[in-house]
Amino acid sequence: MPEPTEFDHRRFRNALGCFGTGVTIVTTLDADGAPVGLTANSFTSVSLDPELLLVCLNRQSKSLPVFEAAETFAVNVLHVEQKELAQLFAMAAADRFRDTIWESGSTGAPIITGSLASFECSTYAEYDGGDHLIMVGRVVDVRFDDESDPLLYYRGAYRELHLD
Ligand SMILES: Cc1cc2nc3c(=O)[nH]c(=O)nc-3n(C[C@H](O)[C@H](O)[C@H](O)COP(=O)(O)O)c2cc1C
């Protein structure tokens, strides 16, 4: 199969941008117990029984080795007031947890306080996903807020839900 050209890559990305998503921050602890996390919108539910979800991590991600070594991780779904957190956790070389309020979940994985929903997982499987690693988690605990609206990502920009 021929290598896709730059043009094809851009078209592919633009087409993918038509699929509106929520925004998450995926977190874990490193070997020293320090919190690690990054913004990710590749979150997908996988299975109801057992309860599985997945997130795809770029192989270039500096956090990847930490996630590969970790036995647990959390997916924090952001609400509309958490856009700055999404930006912070996508920024290279930012001190992401300095001013971020978080707590340890039942697995120890960092739960970002006040998120729309948080899924705590034990690492269930990891699959090759091209330039990404597909990380499947078995959900061991959830918490969520019935009231807040989600932060959305669509066509390369953060969006808000407009009901009606
Ligand atoms: C809306 C949005 C969604 C993103 N989704 C993903 C994703 O699903 N997987 C991923 O690896 N990076 C994703 N990124 C990029 C990472 O957040 C970004 O590259 C981050 O700096 C990686 O951090 P690290 O290199 O410290 O691990 C996304 C960024 C944004 C703004």
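This one's a predicted model, so the numbers in the text were calculated from it and none came from an experiment. (Residues numbered from 1 in each chain as written. Predicted model: local features only at pLDDT ≥ 70, side-chain atom pairs only at ≥ 80, totals over all residues. Heavy atoms only, no water.)

Trainee: I would appreciate a short explanation of the sheet that holds strand S6 (residues 72-77) in the present structure.
Mentor: Across a sheet, strands are paired by hydrogen bonds formed along the backbone, either parallel or antiparallel in direction. What the 7 strands build is an open sheet, ordered S3-S2-S6-S9-S10-S5-S4; its pairing is antiparallel. The strands lining the two open edges of the sheet, one partner per strand, are strand S3 (35-40) and strand S4 (44-47). Sheet twist, expressed as the average angle between the axes of neighbouring strands with direction ignored, equals 35°. Sheet analysis places strand S2 (residues 24-29) next to S3, joined by 6 bridges and oriented antiparallel. What sits directly across from Thr27, in S3, is Gly37. (Pairing = 2+ DSSP bridges. Helix = DSSP H or I, 4+ residues; strand = E, 2+ residues; numbered from the N terminus. Axes fitted to C-alpha atoms, helices over the stretch in contact; angles between N-to-C directions.)

Trainee: So what exactly am I meant to see when it comes to the environment of Gln60 here?
Mentor: Looking at the secondary structure, you find Gln60 in the loop between strand S5 (52-58) and helix H2 (64-69). Judged by its relative accessible area of 70%, Gln60 is exposed. Considered as a pair, Gln60 and His132 are 72 residues apart in the sequence and their alpha carbons are 8.3 Å apart. (Buried < 20%, exposed > 50% of the residue type's maximum accessible area, 1.4 Å probe, protein only.)

Trainee: Help me out: how do you make sense of the pattern of salt bridges in this one?
Mentor: Pairing between side chains becomes possible if they bear opposite charge and their charged atoms approach one another. Under the criterion given, the structure shown has 3 salt bridges. One salt bridge connects Arg59 with Asp128, and the closest N-O pair in it is separated by 2.9 Å. Taken as a pair, Arg59 in the loop between S5 and H2 and Asp128 in strand S9 (residues 117-129) lie far apart in primary sequence, 69 residues in all. For Asp128, a relative accessible area of 61% gives the class exposed. The closest approach of N and O atoms between Arg98 and Asp99, which form a salt bridge, is 3.3 Å. Using a relative accessible area of 61% as the deciding quantity, one classes Arg98 as exposed. Taking relative accessible area as the criterion, Asp99 reaches 63% and is therefore assigned exposed. (Salt bridge = Lys/Arg side-chain N within 4 Å of Asp/Glu carboxyl O.)

Trainee: Just to check I follow, could you spell out the sheet that holds strand S12 (residues 157-160) for this structure?
Mentor: Read from one edge to the other, the open sheet built from 3 strands follows the order S1-S11-S12, with strand pairing classed as antiparallel. Lying at the two open borders of the sheet, with one neighbouring strand each, are strand S1 (21-22) and S12. As judged from the 2 bridges shared by S1 and strand S11 (residues 151-154), these two strands associate in the antiparallel manner. Across the sheet, Gly22 pairs through a bridge with Leu152, a residue of S11.

Purely geometric numbers; function is a separate question.
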